Amino acid sequence: MYDHLLDGKDNFSADRAACDHLLRQVPSMKALALNNRAFLQRIVRVLAEDHGIRQFIDHGSGLPTQDNVHQIAQRVDASSRVVYVDTDPIVRSVGGALLETDDRTAVLQADMRDTERIFGSEQVERLIDFGEPVAALFVSVLHCIPDADEPVELIRRVRDRLAAGSVMVICQLVSESPAVREDVSAFMDRETQGHWGRVRTRADVEGYFRDNGLRPLEPGLVEVSRWRPEAEPAAPPQLSFEWEEFGGAGFVP
């Protein structure tokens, strides 16, 4: 679905039908997806160019689409290493074929909540040196995690394994409208057969950073199209802002 919203070609008829239905309910979803992808591309480039990050773990990466993390990072430094993590077996099979183009990129099929399995996997042990800074990405995925699974604790488990100077990139769907939060969460819960968390608030995302001692990079936590937009040549698509992707990046202390 995400690839279709980005005008990609790696999607299926069921995805396109679901997107058509979703866009009738939430017309701003396409702009939101485009903004989110541009944010991921900008932030990976900034971390690689300005902060020397050469290792990335992309939690809940989804199917590959345009300009993936390893392509961005390896344009800055060909030695950059990336592990993509997703629970979907199709991501493992299709993603492996499209993403594992060199020995510095790997795809791991695992639930992003299973920190022990991820960090103990052959792919992570082979490619990631935890004595050096790592960027752990949670881009537009934490709204998939129910409150009972404590997303703030997931962030803490990952943070605790990272060297000082590492960076955590976190954003998720938020709304300050209780009606929007309830309606969108109910719709997505139906569409995903219960594999959904909820639309949260900006304060919830701010808590992910504050409660884990993460020091935000400038410009702090913002609607993602406003995170260093000067790095984008074109103006980002505009949203209604009834809901949005909100977050940023924070240094591990």
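Above this text you will find the structure in question.
Owing to the predicted nature of the structure, the values given are computational and were not obtained by experimental measurement.

K.L.:
Explain the overall build of the protein chain residue by residue, including any values.
P.N.:
Summing up its helical and strand segments, the protein chain has ten helices and eight strands in all. For the protein chain, the C-alpha radius of gyration of 17 Å lies close to 18 Å, the compact-globule estimate for 253 residues. Overall, the protein chain is about 45 × 40 × 40 Å in size when its C-alpha atoms are taken along their principal axes. Across the 253 residues of the protein chain, 52% fall into the buried class. Residue pairs at least 24 apart in sequence account for 73% of intrachain contacts in the protein chain once pairs closer than 6 positions are excluded. Carbon and sulfur atoms form 50% of the exposed surface of the protein chain, whose accessible area is close to 11000 Å².

K.L.:
Break down the pairing of strand β4 (residues 135-139) for me, with residues and values.
P.N.:
Extensive coverage of β4 is indicated by the burial of five of its five residues. Burial of β4 is two-sided: the residues Ala135, Leu137 and Val139 facing one way and the residues Ala136 and Phe138 facing the other way are all buried. Note that strand β1 (residues 55-59) and β4 share three bridges and pair parallel. For Phe56, the partnering residue across the bridge sits in β4 and is Ala135. Taken together, β4, helix α8 (residues 151-159) and strand β5 (residues 167-174) form a β-α-β motif whose crossover is right-handed.

K.L.:
Lay out the pairing of strand β2 (residues 81-86) in plain terms, naming residues and giving numbers.
P.N.:
By the criterion of burial, β2 is predominantly enclosed, with five of the six residues buried. In terms of handedness, the path from β1 via helix α4 (residues 69-76) over to β2 forms a crossover that is right-handed. Bridge analysis of β2 against strand β3 (residues 105-109) gives five bridges, and the strand direction is parallel. By the bridge assignment for β3, Val85 is matched with Leu108.

K.L.:
Tell me what's going on with the environment of Asp3, and back it up with residues and numbers.
P.N.:
Here Asp3 is to be found in helix α1 (residues 2-5). Of the residues examined, Asp3 reaches a relative accessible area of 5% and is grouped as buried. Between the C-alpha atom of Asp3 and that of Glu244, which follows or precedes it by 241 residues, the distance is 18 Å. Setting aside chain neighbours within four positions, we find Asp3 in contact with Gly8, Lys9, Asp10, Asn11, Pro64, Thr65 and Gln66.

K.L.:
An account of the side chain of Glu245 is requested, with residue identities and associated values reported.
P.N.:
The residue Glu245 is located in strand β8 (residues 244-251) in this model. No salt bridge is formed by the buried Glu245; the nearest opposite charge belongs to Arg200, separated by 10 Å. There is a polar contact of 3.4 Å between the side chain of Glu245 and the backbone nitrogen of Gln172. The contact partners of Glu245, leaving out residues within four places of it in the chain, are Leu32, Asn36, Ser140, His143, Cys171, Gln172, Leu173, Val222, Glu223 and Val224.

K.L.:
Break down the packing of helix α2 (residues 13-25) against helix α9 (residues 178-191) for me, citing the residues and quoting the values.
P.N.:
Two elements in contact, α2 and α9, have axes whose closest approach is 12 Å; the angle formed by their N-to-C orientations is 165 degrees. In terms of orientation, α2 and α9 fall into the roughly antiparallel class. Judged by the twist between their axes, the crossing of α2 over α9 is right-handed. From α2, Ala18, His21, Leu22 and Gln25 reach across to α9, where they touch Phe187, Met188 and Glu191.

What counts as what
- Residues numbered from 1 in each chain as written.
- Predicted model: local features only at pLDDT ≥ 70, side-chain atom pairs only at ≥ 80, totals over all residues.
- Heavy atoms only, no water.
- Helix = DSSP H or I, 4+ residues; strand = E, 2+ residues; numbered from the N terminus.
- Rg over C-alpha atoms; globule rule 2.2 N^0.38 Å.
- Buried < 20%, exposed > 50% of the residue type's maximum accessible area, 1.4 Å probe, protein only.
- Contact = heavy atoms within 4.5 Å.
- Areas by Shrake-Rupley, 256 points an atom, 1.4 Å probe, with all protein chains shown as cover.
- Pairing = 2+ DSSP bridges.
- Right-handed = clockwise from strand over helix to strand, strands pointing away.
- Lys, Arg positive; Asp, Glu negative; His and termini not counted.
- Salt bridge = Lys/Arg side-chain N within 4 Å of Asp/Glu carboxyl O.
- Polar contact = N/O pair within 3.5 Å; in protein donor to acceptor, adjacent residues only side chain to side chain.
- Axes fitted to C-alpha atoms, helices over the stretch in contact; angles between N-to-C directions.
- Parallel < 35°, antiparallel > 145°, perpendicular 65-115°, else oblique.
- Left-handed = near helix turned anticlockwise from the far one by under 90°.

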